[in-house]
Amino acid sequence: MPAQYPLHPHIVLLSNLTQFSPVLYLTGFPGLETVEHWIFIFFFLMYLVAISGNCFILIIIKTNPRLHTPMYYLLSFLAFTDLGLSVSTLPTTMGIFWFKSHGIYFGACQIQMFCIHSFSFMESSVLLVMSFDRFMAICYPLRYMVIITGQRVVRVGLIVILRGPVALIPIVLLLKAFPYCGSRVLSHSFCLHQEVIHLACTDTTFNNLYGLSLVVFTVMLDLVLIALSYGVILHTVARLASKEERLRAFQTCTSHLCAVLVFFVPMMGLSLIHRFGKHAPPAVHLLMANVYLFVPPMLNPIIYSIKTKEIRHVISKLLG
């Protein structure tokens, strides 16, 4: 169940007036209304870094033929999903902190939650495909160029990446068929399926089980396969003859490993908070949800700009 927040009289009034209308009410940070202008500046800077950074990565890869390789095609997929995740939450988050606009129509809420969950699943899938790329490059270097071709990476990548969004369609569309009653206040500045489904005053067992199965067979499965890939990679690296070879081999994985940690650690923290932190302060729930959605798109372009030699070289040429 989402954390309960003390409702402002204006919210209660809006909830009562819209009991039979398709309007939901998003919240910012309850109790911090006096510093919302500082929160707006913080979120604005995060969006600026995330959107400009990921656009920069995409432009660099597009305009440099030397980067038209399987690894950089996958990096462009990652930048695209991060860009999509940032843009998905931008309208409502900025609307709340800038224009004090809290209402959202149910149809718009459905579109936003579909985009947020789709890009989250897509990012997990991209990280899985990237881990397979690193697995092949380190464990089977002589066969890497034969097996991992640009066309094959794009084709397989699209199939793996699109499985989540396609599987999301039924449970998002089913939300329209449920009756909703009582308060229609959500506890975040964006729409999430697990919150909206709790507002329905009918049996939602199918949606709950379908959603749980979707998470298990996409994100959780991806995490297990990524962990297995790195287990084999570490075993292979440990068998290399010299320390220099081991260090050089593992350095090719550091940027991807950082991206995996940046994405999955906040996700697991958010899951633990929802599961075991029902009595935790509302600010903790809000903080973990915002970290999960906002931090990976902001940090990934910084990580790859610092850790990837080819991108550093292009940046130095542009700055020089």
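Residues numbered from 1 in each chain as written. Predicted model: local features only at pLDDT ≥ 70, side-chain atom pairs only at ≥ 80, totals over all residues. Heavy atoms only, no water.

Next up on the list: the overall build of the protein. For the protein, the count of helices and strands is twelve helices and two strands. In the protein, the succession of helices and strands from N to C terminus is α-β-α-α-β-α-α-α-α-α-α-α-α-α. Over its C-alpha trace the protein gives a radius of gyration of 21 Å, about what one expects of a compact globule, namely 20 Å for 320 residues. Reported as C-alpha extents along the three principal axes, the dimensions of the protein are approximately 70 × 45 × 35 Å. (Helix = DSSP H or I, 4+ residues; strand = E, 2+ residues; numbered from the N terminus. Rg over C-alpha atoms; globule rule 2.2 N^0.38 Å.)

Take the side chain of Gln-112 next. The residue Gln-112 is located in helix α4 (residues 106-139) in this model. Within the local environment of Gln-112, its side chain forms a polar contact with the backbone oxygen of Ser-88, the two atoms lying 3.0 Å apart. (Polar contact = N/O pair within 3.5 Å; in protein donor to acceptor, adjacent residues only side chain to side chain.)

The sites that UniProt annotates as "transmembrane region" (unreviewed entry) are residues 38-61, 73-99, 111-132, 153-175, 214-237, 257-277 and 283-303. In residues 73-99, helix accounts for 100% and strand for 0%; the two terminal C-alpha atoms are 38 Å from one another. This span, residues 283-303, is 100% helix and 0% strand, and a straight line between its end C-alpha atoms measures 28 Å. (UniProt positions renumbered as here; feature names shortened; annotations may be inferred.)

With that settled, the discussion passes to the packing of aromatic side chains. Between two aromatic rings, the relevant description is the distance of the centres plus the angle of the planes. This structure, assessed with the given rule, holds 14 aromatic pairs. Ring geometry for Phe-106 against Tyr-180: centres 5.2 Å apart, planes inclined by 50 degrees, an arrangement best described as tilted. Highlighted residues: Phe-106 in helix α4 and Tyr-180 in the loop between α6 (150-174) and α7 (193-196), separated in sequence by 74 residues. The residues Phe-106 and Tyr-180 share a single accessibility class, namely buried. Ring centres of Phe-263 and Tyr-292 lie 5.9 Å apart, and the angle between their planes is 45 degrees; this geometry places the pair in the tilted category. In this pair, Phe-263 sits in helix α10 (residues 254-276) while Tyr-292 sits in helix α11 (residues 282-307), placing the two residues 29 residues apart along the sequence. What makes Phe-263 buried here is its relative accessible area of 1%. Residue class for Tyr-292 comes out buried when judged on its relative accessible area of 13%. (Phe/Tyr/Trp six-rings, centres within 6.5 Å; stacked < 30°, edge-to-face > 60°. Buried < 20%, exposed > 50% of the residue type's maximum accessible area, 1.4 Å probe, protein only.)

One can find Arg-66 in the loop between α2 (36-63) and α3 (70-99). Each C-alpha atom, one on Arg-66 and one on His-274, is 45 Å from the other, the two residues being 208 residues apart in sequence.

It is worth spelling out the layout of surface pockets at this point. Looking at the second largest pocket, its volume works out to about 480 Å³. Forming the boundary of the second largest pocket are 20 residues, of which Gln-251, Thr-252, Lys-307, Thr-308 and Lys-309 lie nearest the centre. Only α3, α4, α9 (243-251), α10, α11 and α12 (309-319) provide two or more residues apiece to the lining of the second largest pocket. The biggest single contributor to the lining of the second largest pocket is α3, with four residues. (1 Å grid on protein atoms, 1.4 Å probe; cavity = no way out; pocket = protein on both sides within 12 Å on 5 of 7 lines; lining within 4 Å. Points joined across faces, edges and corners; volume = space filled by probe spheres on them.)

On to the pattern of salt bridges, then. Under the definition given, this model contains two salt bridges. The partner of Arg-134 in a salt bridge is Asp-133, with the nearest N and O atoms 2.8 Å apart. The partner of Arg-163 in a salt bridge is Asp-222, and the shortest N-O contact between them spans 2.4 Å. You can see Arg-163 sitting in helix α6 and its partner Asp-222 sitting in helix α8 (residues 205-238), a full 59 residues away along the chain. (Salt bridge = Lys/Arg side-chain N within 4 Å of Asp/Glu carboxyl O.)

A word on the state of the cysteines. The full count for this structure, using the stated rule, is one disulfide. Cysteine Cys-115 remains unbridged, with the sulfur of Cys-191 as its closest cysteine sulfur at 11 Å. With no disulfide of its own, Cys-139 lies closest to Cys-253 among cysteine sulfurs, the gap being 8.6 Å. (Disulfide = S-S within 2.5 Å.)

The next thing to look at is the nonpolar core. Nonpolar side chains in soluble globular proteins tend to end up buried together. If you look at the biggest cluster of nonpolar residues, it comprises 86 residues, and the most contacted ones within it are Phe-43, Leu-127 and Val-196. For this core, the secondary-structure elements that each account for two or more residues are α2, α3, α4, α6, α8, α10, α11 and α12. Broken down by element, this core gets its largest block of residues, 16 residues, from α4. Setting aside residues up to four positions removed in sequence, Leu-127 forms contacts with Leu-78, Ile-226, His-256, Ala-259, Val-260, Phe-263 and Phe-264. (Core = buried A, V, L, I, M, F, W, Y, C linked by side-chain atoms within 4.5 Å. Contact = heavy atoms within 4.5 Å.)

At a minimum axis separation of 9 Å, α3 and α11 run at an interaxial angle of 145 degrees. The interaxial crossing formed by α3 with α11 has left-handed handedness. Seen from α3, the contacting residues are Leu-75, Leu-78, Asp-82, Leu-85, Ser-86, Thr-89 and Thr-93; seen from α11, they are Leu-293, Phe-294, Pro-296, Pro-297, Asn-300 and Tyr-304. Within the contact of α3 with α11, the residues separate by chemical class into eight nonpolar, four polar and one charged. (Axes fitted to C-alpha atoms, helices over the stretch in contact; angles between N-to-C directions. Left-handed = near helix turned anticlockwise from the far one by under 90°. Nonpolar A, V, L, I, M, F, W, Y, C, P; charged D, E, K, R; others polar.)

Those residues of α12 lying buried are Ile-311, Val-314 and Ile-315. Here the buried residues of α12 occupy an arc of 100 degrees about the axis, which is enough to place them on one side. Across from the buried face of α12, at angles greater than 90 degrees, the exposed residues are Lys-309 and Lys-317. Among the structural elements, α2, α3 and α11 are those in contact with the buried residues of α12. (Arc of directions from axis to C-beta.)

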